[in-house]
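# Geometric and topological summary
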Amino acid sequence: MTHLMGGGALGGGLLVAGTTSDAGKSVVTAGICRWLVRQGVKVAPFKAQNMSLNSFVTREGAEIGRAQAMQAQACRIEPTALMNPVLLKPGGDQSSQVVLMGKPVGEMSARGYHGGRQQRLLGTVLECLAELRGTYDAVICEGAGSPAEINLRRTDIVNMGIARNARLPVLVVGDIDRGGVFASFFGTVALLSPEDQALVAGFLVNKFRGDVSLLEPGLDMLLGLTGRPTYGVLPFRHGLGIDEEDGLRVSLRGTVRESNVSPPVGEDVLRVAVCAVPLMSNFTDVDALAAEPGVVVRFVDRPEELADADLVVVPGTRGTVKALAWLRERGLADAINRRAAEGRPVLGICGGFQILGEHIEDEVESRQGHVTGLGILPVRVRFAREKTLTRPVGTALGEHVEGYEIHHGVAEVTGGEPFLDGCRVGGVWGTHWHGSLESDGFRRAFLREVAAAAGRRFVPAADTSFAGLREEQLDLLGDLVEQHADTDALWRLIESGAPQGLPFIPPGAPA
């Protein structure tokens, strides 16, 4: 493998697009990043515009998508706001909070954003990408949704809009597990303008099960039809849904968080029920629980599903008051209150912590003013216009804890035992800290408390390292790219751009 250009020139680049949302762009991008960094390449991830409720706080206090933080880890570098300059956090079906360079700049409707604001951000996006390309040997960019969303092409700054402006070659990823991948590949190219098509270098098949030789005739026909090769066929692997960008699937009932298949160390398993509240954010908080041998994590939306749970988690949400109303409508609020009265474990994180309090004063998020909480924890919450974005470090249950905070709600704790920045009353804990359960010693101590309160003979494994498991997953992604993709061809693409003379596939984009 040759070295990329140096001497101040822009480094190489690649845009990983997809035929659909959830085609695997995030994990493929991370896999390419990990493969490159293992070859000694200085590489960084980039996503111009991200729509996600799963976010992360960088060391400088900027909020970015968790997928880009995960990709930065794949690159073995610290995440920064440059890697995700625009983050959209949905607040409902019609509007999102716009986070620019890590800081919120206001709420905007989808029509208002795509009607002009998005295009005005193109300069900022291109400046961030140029700065990364001037610093790193290679920048692996991730697209959003599909590049063939012809209704949005005019204002696009994340797919072909960024590819055209930065002259990036494009690799289109398709999820063959969904079916229809050949039609999706062909149709994606055929709905692009000639100028956009000239940058689409080829395809990557994701999540393939079975004998690749049975797929090869189709790949040959696809090459004949489009003049573009397939750069690899990545096999299906369980447990690679790390730090997903979007929410969980539409139907949450019975969804089990993918977890370690190791048997429990003690005699019992521990059952964790996560309330699938509306606008659920940072549900990745429970990944560290799911990684523990013998811990089963489920997302639930009915009160009867809490009955056999050893721990109930009320997670973060972008709509605290809306989530509180949903819990009441579903009967989940009453079930949580009964658990608390019985001393059965409940954990509230961020918005979930606020819901467990006495009352909420919200003129910012829901604008509903005074709202009565569940009254389980002695906490009063007032929503501030300024968002708290920090990376706190502390101690709880005698163990070192690190986390990150992303919230408008300011909590006044008036009683209970101190617990991180929140409190504990009996078997109920509440905190604003996301990511605290990734601290291994604290997670084990917390699970021991939960098991004791639940009367379970569960013993946390002494050697589970969440950071180590995450590294193993990232290495597995790198292995998939290295073993199942044409890495020499990928390298040429990153270093030299899209091949010249790629054919135009009619009909092209509508005029």
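Predicted model only: the values in this text are computed from it and were never measured.

### Here's the deal with the pairing of strand β8 (residues 103–109)
In the sheet, strand β7 (residues 95–100) pairs with β8 via six bridges, with the strands oriented antiparallel. Counted as the bridge partner of Ser 95 is Ser 109 from β8. Connecting β7 to the antiparallel partner β8 that follows it, the hairpin turn spans two residues, and Met 101 within it adopts a positive phi of roughly 50°.

### So, helix α10 (residues 320–330)
Of the positions making up α10, those classed as buried are Thr 320, Val 321, Ala 323, Leu 324, Trp 326 and Leu 327. Within two residues after α10, Gly 331 carries a phi angle of roughly 85°, on the positive side.

### Details of the sheet that holds strand β6 (residues 86–90)
If you trace the four strands from one edge of the open sheet to the other, you get β3-β6-β7-β8, paired in mixed fashion. Where the open sheet ends on each side, the last strands, each with one partner, are β3 (49–51) and β8. Sheet twist, expressed as the mean angle between neighbouring strand axes with direction ignored, is 25°. When β6 meets β7, the two strands line up antiparallel, connected through five bridges. Looking at β7, one finds that Leu 87 is bridged to Val 99.

### A closer look at the confidence of the model for the protein
The share of residues in the protein with pLDDT of 70 or more is 93%, and the mean pLDDT across the chain is 91. Contacts for the low-pLDDT stretch residues 247–254, under 50 throughout, to residues beyond four places or in other chains number 16 contacts.

### Considerations on the pattern of salt bridges
As enumerated under the stated definition, the model contains 27 salt bridges in all. Residue Arg 178 is joined to Asp 22 by a salt bridge in which the shortest nitrogen-to-oxygen separation is 3.7 Å. Here Arg 178, found in the loop between β10 (170–175) and α6 (181–190), pairs with Asp 22, found in the loop between β1 (12–18) and α1 (25–38); they are 156 residues apart in sequence, far enough to count as distant. A residue is classified by how much of its surface remains accessible, and Arg 178, at 46% relative accessible area, is partly exposed. Residue Asp 22 is classed as partly exposed on the basis of its relative accessible area of 34%. Within the structure, one salt-bridge network assembled from shared partners comprises Arg 34, Arg 38, Glu 471, Asp 475, Asp 479 and Glu 482.

Rules and cut-offs
Residues numbered from 1 in each chain as written. Predicted model: local features only at pLDDT ≥ 70, side-chain atom pairs only at ≥ 80, totals over all residues. Heavy atoms only, no water. Pairing = 2+ DSSP bridges. Helix = DSSP H or I, 4+ residues; strand = E, 2+ residues; numbered from the N terminus. Buried < 20%, exposed > 50% of the residue type's maximum accessible area, 1.4 Å probe, protein only. Axes fitted to C-alpha atoms, helices over the stretch in contact; angles between N-to-C directions. pLDDT = per-residue confidence, 0-100. Contact = heavy atoms within 4.5 Å. Salt bridge = Lys/Arg side-chain N within 4 Å of Asp/Glu carboxyl O.

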